[in-house]
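# Per-entry structural report
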Amino acid sequence: MSKSLTIDFVSDVSCPWCAIGLKSLEQALQNIGDEAEVALHIQPFELNPQMGPEGQNIDEHLSEKYGSTPQQQEQARAMIRARGAEVGFDFAMGKRDRIYNTFDAHRLLHWAEGEGKQVALKGELFAAYFSRGEDPSSHEVLLNAAEAVGLDRAAAAAVLSSQQFADEVRTAEQFFQRHGINSVPAVIINQRHLIAGGQPAAVFEKALREIMAQS
């Protein structure tokens, strides 16, 4: 009999380790196959909730926020590119030079869950930002991503042109922050077990199998 796994993937669209983590988690779940019934929910987290609509230069942002030097930033990018390649995700660092506000992306992802396309949309938004260098705060970019995964463009536009799901996103963000989530990705299994960071697929699979064995 298959085990039940409820997975909350807490992340931000502008987080490279979240893109790696989601791809790794999906590979782990593919390896587990029908041994488990999985409900995967994408949950919101904003790395930069106060970011203005114009965004900010990435190098400037990383220097201000983390105190990192250009050499350290390049080393981190090289590591991210290598880890992305391992899971089949293309980080085109030269195309991405700004960091943006992601609140509307999270509102759209909240809506997409009810349409059965949330995980697909999350993957497409990662590709838009990290592989194509597009602006995930742009409604045009968000609508193109929604359409690319089979969502109704007009319905998506209606969400974005309103403040629909703003309260739900903020409530979810506050919930996870209150429960100690202050960095992402954070992968929460069955509301009890936390796997932190963009782990390799083998690490996710081992942890998931251990949790399945205990249940």
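In this report, we go over the structure that sits alongside the text. (Residues numbered from 1 in each chain as written. Predicted model: local features only at pLDDT ≥ 70, side-chain atom pairs only at ≥ 80, totals over all residues. Heavy atoms only, no water.)

In this section: the packing of aromatic side chains. Scanning the model with the defined rule gives seven aromatic pairs in all. Between the aromatic rings of Tyr-100 and Tyr-129, the centroid separation amounts to 6.4 Å while the plane-to-plane angle is 75 degrees, which identifies the pairing as edge-to-face. One end of the pair, Tyr-100, is in the loop between β4 (98-99) and α4 (103-114); the other, Tyr-129, is in helix α5 (residues 118-131), with 29 residues separating them in the sequence. What makes Tyr-129 buried here is its relative accessible area of 1%. Ring centres of Phe-126 and Phe-130 lie 6.2 Å apart, and the angle between their planes is 40 degrees; this geometry places the pair in the tilted category. Placement of both Phe-126 and Phe-130 in helix α5 is noted, with a separation of four residues, approximately one turn of the helix. A connected cluster of aromatic rings, assembled from ring pairs, spans Phe-89, Phe-91, Tyr-100, Phe-126, Tyr-129 and Phe-130. (Phe/Tyr/Trp six-rings, centres within 6.5 Å; stacked < 30°, edge-to-face > 60°. Helix = DSSP H or I, 4+ residues; strand = E, 2+ residues; numbered from the N terminus. Buried < 20%, exposed > 50% of the residue type's maximum accessible area, 1.4 Å probe, protein only.)

What follows is about the environment of Gln-30. Assignment of secondary structure puts Gln-30 in helix α1 (residues 16-32). Once the C-alpha coordinates of Gln-30 and Glu-140 are considered, the two residues, 110 residues apart in sequence, prove to be 32 Å apart.

Quantified by volume, the largest pocket comes out at close to 510 Å³. Lining the largest pocket are 22 residues, and of these Pro-16, Trp-17, Leu-62, Tyr-66 and Ile-80 sit closest to its centre. Contributions of two or more residues to the lining of the largest pocket are made by α1, α2 (58-66) and α3 (70-86). Per-class residue counts for the lining of the largest pocket are twelve nonpolar, seven polar and three charged. Its volume calculated, the second largest pocket comes out at about 230 Å³. Lining the second largest pocket are Asp-8, Gln-43, Phe-175, Phe-176, His-179, Ile-181, Ile-188, Gln-191, Arg-192, His-193 and Leu-194. Here the lining of the second largest pocket is composed, by residue class, of five nonpolar, four polar and two charged. (1 Å grid on protein atoms, 1.4 Å probe; cavity = no way out; pocket = protein on both sides within 12 Å on 5 of 7 lines; lining within 4 Å. Points joined across faces, edges and corners; volume = space filled by probe spheres on them. Nonpolar A, V, L, I, M, F, W, Y, C, P; charged D, E, K, R; others polar.)

Let's shift gears to the sheet that holds strand β6 (residues 193-196). As summarised here, the arrangement of the four strands in space is β2-β1-β5-β6, forming an open sheet in which the pairing is mixed. Looking at which strands have only one partner, the edges of the open sheet turn out to be β2 (36-44) and β6. Strand-to-strand twist of the sheet, defined as the mean angle between neighbouring strand axes without regard to direction, takes the value 20 degrees. Sheet analysis places strand β5 (residues 186-189) next to β6, joined by four bridges and oriented antiparallel. Residue Ile-189 lies in a different strand from β6, and its bridge partner there is His-193. The strands that α5 touches are β1 (3-11) and β2; relative to β2, the one it contacts most, it runs at about 50 degrees. Sheet strands touched by helix α9 (residues 201-214): β1, β2, β5 and β6. Its angle to β1, the strand with the most contacts, is close to 135 degrees. (Pairing = 2+ DSSP bridges. Axes fitted to C-alpha atoms, helices over the stretch in contact; angles between N-to-C directions. Contact = heavy atoms within 4.5 Å.)

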